[in-house]
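# Observations on the model geometry
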Amino acid sequence: MNYNINQLEELLKNKELTFSDKKIIYQLYGLLKGLENQEGPVKLSEYEDEIFTVEGKILSDKERLRLVAEDLNITAKDNEDFTIKTTLDMLNKISKRNYLAPSMVSFLKKLAVKLQILLGEEITFYSVLEEMLDEEMSKTLTVVSRGR
């Protein structure tokens, strides 16, 4: 991870960022920092595979996405936030397609992680966390430098 706590604190102080942006960045950073402090090299895809192993079988990305989408549907059932509801609806529809390109799988995993953070759920898609933090930090730095 290429970011330190001072950079994170500076970003989180910025009033131009929404609460959701701050929450996502903070959660991603905290989770990655915590994993980084454990013994040995961090292999995020192995953590994800552990989570999605059922009866000795590692689920496919498509199966993982459907499972998480179903779980998020239950969690967000009474949520009134329009953005969360429409995003979850999109995740559900796309995850049911017969074929998902690798870029779409990555996009949907990131979308699911954002929903998990905003809904207070446990994060499951470890394989995209570092890329997500890089994207969120660079997006945020760009927004902040432009004054949003």
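Just above sits the structure.
A short tour of the structure in this document, coming up. Along each chain, numbering runs from 1 in the same order as the chain's sequence is written. Only residues with pLDDT of at least 70 are given local features in this predicted model, and only at 80 or more are side-chain atom pairs given and counted; all residues enter the totals for whole chains, interfaces and linings. The basis for every side-chain value is the complete set of heavy atoms in the structure, and neither hydrogens nor water enter the calculation.

## Quick word on the side chain of Thr-87
The following threshold applies: Under the scheme used here, helices are H or I runs from DSSP no shorter than 4 residues and strands are E runs no shorter than 2 residues, and both carry numbers assigned from the N terminus. When accessible area is computed with a 1.4 Å probe and restricted to protein chains, residues below 20% of their type maximum are described as buried, those above 50% as exposed, and intermediate ones as partly exposed. Any pair of residues with heavy atoms lying within 4.5 Å of one another is described as a contacting pair.
Tracing the sequence through the fold places Thr-87 in helix H5 (residues 82-95). The class for Thr-87 is buried, based on a relative accessible area of 16%. If near-sequence neighbours (up to four positions away) are discounted, Thr-87 is found in contact with Leu-111 and Leu-115.

## Overview of helix H2 (residues 19-36)
Rules: Multiplying 1.5 Å by the residue count of a helix minus one yields the expected span of that helix. Here the arc refers to the set of directions running from the helix axis out to each C-beta atom.
With 18 residues, H2 should reach 26 Å at 1.5 Å per residue; the first-to-last C-alpha distance of 25 Å fits that figure. Taken together, the buried positions of H2 are Asp-21, Ile-24, Ile-25, Leu-28, Tyr-29, Leu-32 and Leu-35. For H2, the arc enclosing every buried residue in end-on projection is 135°, short of the 170-degree limit, so these residues lie on one face. In this structure, H2 carries Phe-19 and Tyr-26 as exposed residues pointing more than 90 degrees from its buried face.

## Quick look at the nonpolar core
Definition in use: Put simply, a nonpolar core is a bunch of buried Ala, Val, Leu, Ile, Met, Phe, Trp, Tyr and Cys residues held in one set by side-chain atoms that sit within 4.5 Å of each other.
In this structure, Leu-28, Leu-72, Leu-91, Val-113, Phe-125, Leu-129 and Leu-133 are the most contacted members of the largest nonpolar core, which totals 38 residues. Elements supplying a minimum of two residues to this core: helix H1 (5-13), H2, helix H4 (61-75), H5, helix H6 (102-118) and helix H7 (129-146). With 7 residues, H6 is the single largest residue contributor to this core. Look past the residues within four positions of Leu-129 in its chain and what remains in contact with it is Leu-28, Leu-31, Leu-32, Leu-44, Val-113 and Ile-123.

Scope: geometric values only; no functional claims are made or implied.
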